[in-house]
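Inside the fold
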Amino acid sequence: MAALEFPAGFLFGTATSAYQIEGAWKEDGKGESMWDRLTHDHPEIIKDKSTGDVACNSYHLYKEDVRMLKELGVNFYRFSVSWSRILPTGHDNVVNQAGIAYYNNLINELIANGIQPMVIMYHFDLPQPLQDLGGWTNPVLANYFEDYARVLYANFGDRVKWWNTINEPQIHAMGYSEPFGLAPNILTPGHGQYLAVHTFLLSHARAYRLYEREFKAKQGGKVSIVPGGFWMQPTSDSKDEEEAAARAQEMQLGWVLHPIYSATGDYPPVMKEWMAKKSKEEGYSRSRLPSFTKEEIEMVKGTWDYLGLNHYTTFFTLQSKEESMFLKDTGVANIQDDKYPSAASEWLQVVPWGFRKLLNWIAKKYNNPPIVITENGFSDHGELNDRDRVNYLTKYLCELLKAVKDDGCNVIGYTVWSLMDNFEWPSGYTEKFGLFHVDFNDPDRKRTAKKSAEVYSQIIKNKKIPVEFAEG
């Protein structure tokens, strides 16, 4: 039984993001975001041609959301702030007080119910005026992000002690390179994604250093970035395939972690060498991977108080010139292994042991930093008796516990994506990740607890995984 019990002080939460749940897309002074623009101008990019204009209507129903969180018994709630709701033009010379009031109300309601707010500053929804300046491919955004972070720290930092800067930089950057349906859907393959991640890293570092310099002594909070990380499992145990999978791991997750969490800083050496060689072969006079200055390497290195990590699945890899969308430039493709069940999202297979392997890789590579799993979840079609989600969550939690108890990985918290069904980016409302069902045909957006909400609540309350879900 002890193997199924969580350590004392382990934190449980659930997550959402502003564009995916809030709605109220142009109410109370909110500016236009890149997702507002994309869904309105190019509905064909979204699977069901839907938008986040109303979504779960959480802008008006936040008290209902907090009631659901209270029902679950979570320790914290990870939600994102809409940059456009706070700074309608993207710049800090115009602050929207109605937006400040909304997040103050949400934060105060959480605290009144014994729930810690964990705030993510940026979850995919850039103000459109900043996208018009080139978005994340323009390095000037690091300045604007620092300005935005200052507004958030100054207004909310007296109560918010857990900060995430940027959600899944590598995934978001695909919106500047690949036809995956992510805003701003500007396709500059081979270039845009590297410029965007470079700016994300500098933006994160500027926000972290600002907090360290001006707010940390008084507010005492913690700041992290949140990469999305897959585990790369080679399809054979040949040396070449193992090396290719290791390279893909460095170029997918190490791309964000190495500059911040390694002792040396900068991009992973294998990534720099591979990209320099590849770029030269393609006829470029310089690498397509941007370079940091020595000063920037030092500024970015060490900008962490913990590690926020989003993890969903494992990729089974093999060397190939036909690289998968998530693994561009790595010389690797990922294939599905039919032994493992799939979710409603075609990229998401249920491979729990990959979670443990990934946690061990991070612990070994980066000196075992404290980790909060900031997203982990399963998509289906909205069933209330969501046994497949229950199976996914409990099996992944079992592997997390093995990583903590048997391997010594320093995981201190876990977050289910998502609190409720919501707008799932290019999939619209066709894929559901929620612990609570939302009726999107009901003007009141009625929420209903699923089986998974009941099981997760039980896990939180008892601080252990029920025996019937242990290893079956």
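Residues numbered from 1 in each chain as written. Predicted model: local features only at pLDDT ≥ 70, side-chain atom pairs only at ≥ 80, totals over all residues. Heavy atoms only, no water.

Rules: UniProt positions are given in the numbering used here, feature names are shortened, and annotations may be inferred rather than shown by experiment.
The protein goes by beta-glucosidase in an unreviewed UniProt entry, where it is assigned to Microcerotermes annandalei. The protein has a UniProt comment under Sequence similarities (unreviewed entry) that states "Belongs to the glycosyl hydrolase 1 family." Of the protein, the UniProt comment under Subunit (unreviewed entry) reads exactly: "Homodimer."

**Looking at the environment of Ala24**
For clarity, the threshold we go by: Only DSSP runs of H or I with at least four residues qualify as helices, and only runs of E with at least two residues qualify as strands; both kinds are numbered from the N terminus onward.
Structurally, the position occupied by Ala24 is in the loop between helix H1 (18-21) and helix H2 (34-41). Linking Ala24 and Ala98, residues 74 residues apart in sequence, is a C-alpha distance of 12 Å.

**Structural notes on the UniProt feature "active site" (unreviewed entry) in the protein**
We apply this condition: Residue contacts are counted whenever heavy atoms from the two residues lie within 4.5 Å of one another. Think of a polar contact as two N or O atoms within 3.5 Å of one another; within protein, one of them needs to be a possible hydrogen donor and the other a possible acceptor, and neighboring residues in sequence only count if both atoms come from side chains.
Cross-referencing UniProt, the feature "active site" (unreviewed entry) maps to Glu375 in the present numbering. One can find Glu375 in strand E10 (residues 371-375). Setting aside residues up to four positions removed in sequence, Glu375 forms contacts with Arg78, His123, Asn167, Glu168, Leu309, Asn310, His311, Tyr312, Thr415 and Trp417. A distance of 3.1 Å separates a polar atom in the side chain of Glu375 from a polar atom in the side chain of Asn310.

**Some remarks on the packing of aromatic side chains**
Worth spelling out the cut-off: Stacked, tilted and edge-to-face are the three classes applied to pairs of Phe, Tyr and Trp rings, where Trp contributes its six-membered ring and a pair requires centres within 6.5 Å; stacked means planes under 30 degrees apart, edge-to-face means over 60, and tilted covers the rest. When a residue's accessible area, from a 1.4 Å probe over protein chains only, is under 20% of the maximum for its type it is buried; when over 50% it is exposed; and in between it is partly exposed.
Inspection of every chain in the model, using the stated rule, returns 49 aromatic pairs. Judged by centre distance (5.2 Å) and plane angle (85 degrees), the rings of Tyr153 and Trp163 are edge-to-face. Here the residue Tyr153 occupies a position in helix H7 (residues 141-156), and Trp163 occupies one in strand E4 (residues 162-167), the gap between them amounting to ten residues. Classification of Tyr153 by relative accessible area gives buried; the value is 0%.

**A word on the sheet that holds strand E6 (residues 231-234)**
Keep this limit in mind: A pair of strands is labelled paired if DSSP reports no fewer than 2 bridges between them. Helix axes are fitted to C-alpha atoms over the stretch in contact, other axes to C-alpha atoms as well, and angles between N-to-C directions run from 0 to 180 degrees.
On the basis of which strands lie adjacent, the open sheet formed by three strands has the order E6-E8-E9 and mixed pairing. Two strands lie at the open edges of the sheet, namely E6 and strand E9 (332-335), each paired on one side alone. Shown here is a sheet whose adjacent strand axes are inclined to one another by a mean of 45 degrees, direction ignored. Taken strand by strand, helix H10 (residues 239-261) contacts E6, strand E8 (314-319) and E9, and its axis lies near 170 degrees from that of E6. Sitting on the sheet, helix H13 (residues 352-365) touches E6 and E8, and the angle it makes with E6 is about 110 degrees.

**A few points about the nonpolar core**
Heads up, the rule is: Throughout this description, the term nonpolar core refers to a set of buried Ala, Val, Leu, Ile, Met, Phe, Trp, Tyr and Cys residues connected via side-chain atoms within 4.5 Å.
Trp35, Ile86, Trp136, Tyr153, Trp163, Ile362 and Leu400 are the most contacted members of the largest nonpolar core, which has 149 residues in total. By residue number, the principal contributor to this core is helix H9 (residues 192-219), which donates twelve residues. Apart from residues lying up to four places away in sequence, Tyr153 is in contact with Met121, Trp163, Ala207, Tyr208, Leu210, Tyr211, Phe215, Gln219 and Val223. Core analysis: the next-biggest nonpolar cluster, separate from the first, contains six residues, Leu11, Trp162, Tyr306 and Val372 among them.

**Re the packing of helix H14 (residues 387-405) against helix H15 (residues 451-462)**
We count it as follows: Any angle that falls under 35 degrees is termed roughly parallel, while one over 145 is termed roughly antiparallel, one within 65 to 115 roughly perpendicular, and all others oblique. Less than a right angle of anticlockwise turn of the near helix away from the far helix marks a crossing as left-handed, whereas a clockwise turn marks it as right-handed. Gly falls in the polar group here, along with every residue not listed as nonpolar (Ala, Val, Leu, Ile, Met, Phe, Trp, Tyr, Cys, Pro) or charged (Asp, Glu, Lys, Arg).
Packing of H14 against H15 leaves a shortest axis separation of 8 Å and a crossing angle of 25 degrees. The angle between H14 and H15 falls in the class roughly parallel. Here H14 and H15 pass one another in a crossing that is right-handed. From H14, Arg387, Arg389, Val390, Leu393, Thr394 and Leu397 reach across to H15, where they touch Lys451, Ser452, Val455 and Ile459. Considered class by class, the residues forming the contact of H14 with H15 number five nonpolar, two polar and three charged.

**Considerations on the state of the cysteines**
Each disulfide is one covalent bond, formed between the sulfur atoms of two cysteines. The condition is simple: Cysteine sulfur atoms that pair up within 2.5 Å are treated as a disulfide.
Considering all chains together, one arrives at zero disulfides under this definition. For Cys398, which is in no disulfide, the shortest distance to another cysteine sulfur is to Cys409 and amounts to 15 Å.

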